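One letter stands for each residue in the lines below.
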Amino acid sequence: MAATNDKTKDHNVKLSKALSWLLRHGAEKEGFTLLKGGFLYVEDILKHSKFHTASISDVRNVVENNDKQRFALETDEETGKLKIRANQGHSLLVDELALTPVTVPDDFPIVIHGTNKKAFHFISHEGLKRMNRNHIHFAAGEPGENGVISGMRQSCSVIIYINLRKALNDGFKFFQSANGVILCPGNDGGILPTTYFDKVVNRTSKKKIPFHQGEPIQSSSIQVEDQVAKQREELSSVSADDLADEWEGQKRRGKNKKSTS
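Okay, the sheet that holds strand β7 (residues 136-138) next. Pairing is antiparallel across the open sheet formed by four strands, whose spatial order is β4-β9-β10-β7. Since the sheet does not close on itself, it has two edges, and those belong to β4 (100-102) and β7, each with one partner. When the angles between neighbouring strand axes are averaged without regard to direction, this sheet yields 35 degrees. Sheet analysis places β4 next to strand β9 (residues 174-176), joined by three bridges and oriented antiparallel.

Printed below as a string of structure tokens:
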């Protein structure tokens, strides 16, 4: 029984990651055209060769049990067909994605971005970048607190607190996704400068971390970003199943490396 449950869980994790990739980044490459709001019909996805092992029940189970509520399922009013979308995280252009403008800073007293020490080395000089996505992602509080379920990975070691009031006053646009993530497209270059960082702290020790405040300073991270963009491009050319398998493989290799060290 335990083996069966583990197999089902593994299948659902792979399906969740495959759906996330398809709906956020890979729909066009796989021959789909997103409907308004970023939806695809579930039956069309399941007809695709890369999702032939999944069922409507599997999709419902993934959506209902996703702890970060990454997806939304709806019945199309005109066709009666079941459709699914990713709530946020797109690199694809989405027509009429369900985003609520954030205009009152007091509604969100805490807006944070989580990252790691290596990435913050560049962020501290250059600001937050949306990279190849449409928005920079933030959480409206610490994960697990005050109903916060998404917007920051639990593994983040550095927390950047954003001065939302200052950013809004200076013309930056912020939105809230259907699953509560705060999103910002940044400036014309897709950047939220460090000027709008209120403070940065080590998540474990709570000690403040210094950072450059002012105009972005370009550094060697350009090479890093080029490498990341290349990797993402390569990943987007493979199948959804291949992508999910690779992610799982990376996790297993990481665990094996730890156990042998």
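Leu 19, Leu 40, Ile 45, Val 59 and Ile 84 are the most contacted members of the largest nonpolar core, which has 25 residues in total. Per element, the largest residue contribution to this core is six residues, and it comes from helix α1 (residues 2-26). Dropping the residues within four chain positions of it, Val 59 is found in contact with Leu 15, Leu 19, Val 42, Leu 46, Leu 73 and Ile 84. In terms of nonpolar packing, the next biggest core, distinct from the first, is built from 23 residues, Phe 120, Phe 138, Ile 162 and Ala 167 among them.

With that out of the way, let us pick up helix α4 (residues 117-126). Within α4, the full set of buried residues consists of Phe 120, Phe 122, Ile 123, Ser 124 and Glu 126. One side-chain oxygen of the residue at the start of α4 lies 3.2 Å from the amide nitrogen of Lys 118, identifying that residue as Asn 116. One or two residues past the end of α4 sits Gly 127, with phi positive at roughly 90 degrees.

Turning our eyes to something else, we now look at the environment of Val 158. Looking at the element boundaries, Val 158 is found in strand β8 (residues 158-162). Among residues more than four places away in sequence, those in contact with Val 158 are His 113, Gly 114, Thr 115, Asn 116, Lys 117, Phe 120, Val 200, Val 201 and Ile 209.

Along the polypeptide, Leu 192 turns up in strand β11 (residues 191-192). By relative accessible area, which is 0% here, Leu 192 ends up buried. Excluding residues that lie within four positions of it along the chain, Leu 192 makes contacts with Gly 127, Leu 128, Ile 136, Phe 138, Ile 162, Phe 172, Phe 174, Gly 186 and Phe 197.

With that out of the way, let us pick up the confidence of the model for the protein chain. Scored by pLDDT, the protein chain comes out at a mean of 80, with 74% of its residues at no less than 70. The model gives residues 220-251 a pLDDT under 50, and that stretch makes 38 contacts with residues more than four places away or in other chains.

What follows deals with the pattern of salt bridges. Where charged atoms from two side chains of opposite charge come close, those side chains can pair. Inspection of the entire model under this criterion finds six salt bridges. With a closest N to O distance of 3.3 Å, Lys 83 and Asp 76 form a salt bridge. Judged on exposure class, the residue Lys 83 and its partner Asp 76 are both buried.

Now for helix α3 (residues 56-65). Of the residues making up α3, those classed as buried are Asp 58, Val 59, Val 62 and Val 63. Here the buried residues of α3 occupy an arc of 130 degrees about the axis, which is enough to place them on one side. Opposite the buried face of α3, by more than 90 degrees, sit the exposed residues Ser 57, Glu 64 and Asn 65.

Here is what the cut-offs are and how they apply
- The residue count restarts for each chain, going from 1 along the sequence in the order it is written.
- Reporting in this predicted model follows two pLDDT cut-offs: at least 70 for local features of residues, and 80 or more for side-chain atom pairs to be given and counted; totals over whole chains, interfaces and linings ignore these cut-offs and use all residues.
- Only hydrogens and water are removed before side-chain values are computed, so all heavy atoms of the structure are retained for them.
- When DSSP locates at least two bridges between a pair of strands, those strands are taken to pair.
- Per the convention used, a helix needs a DSSP run of H or I reaching at least four residues, while a strand needs a run of E reaching at least two, with both numbered from the N terminus.
- Angles here are taken between N-to-C directions and fall from 0 to 180 degrees, while the axes themselves are lines fitted to C-alpha atoms, restricted in helices to the stretch in contact.
- Only buried residues count toward a nonpolar core, which is a set of Ala, Val, Leu, Ile, Met, Phe, Trp, Tyr and Cys residues joined through side-chain atoms within 4.5 Å.
- A 1.4 Å probe rolled over the protein chains alone gives each residue an accessible area, and that area as a share of the maximum for its type sets the label: buried under 20%, exposed over 50%, partly exposed in between.
- Whether two residues touch is decided by their heavy atoms; if any such pair falls within 4.5 Å, the residues are in contact.
- N or O atoms closer than or at 3.5 Å make up a polar contact, with two conditions inside protein: a donor-capable atom paired with an acceptor-capable one, and, for residues adjacent in sequence, both atoms drawn from side chains.
- You can read pLDDT as the predictor saying how much it trusts each residue, on a scale of 0 to 100.
- Here, a salt bridge means any side-chain nitrogen of Lys or Arg that lies within 4 Å of a carboxyl oxygen of Asp or Glu.
- As used here, the arc belongs to the directions running from the helix axis to the C-beta atoms.

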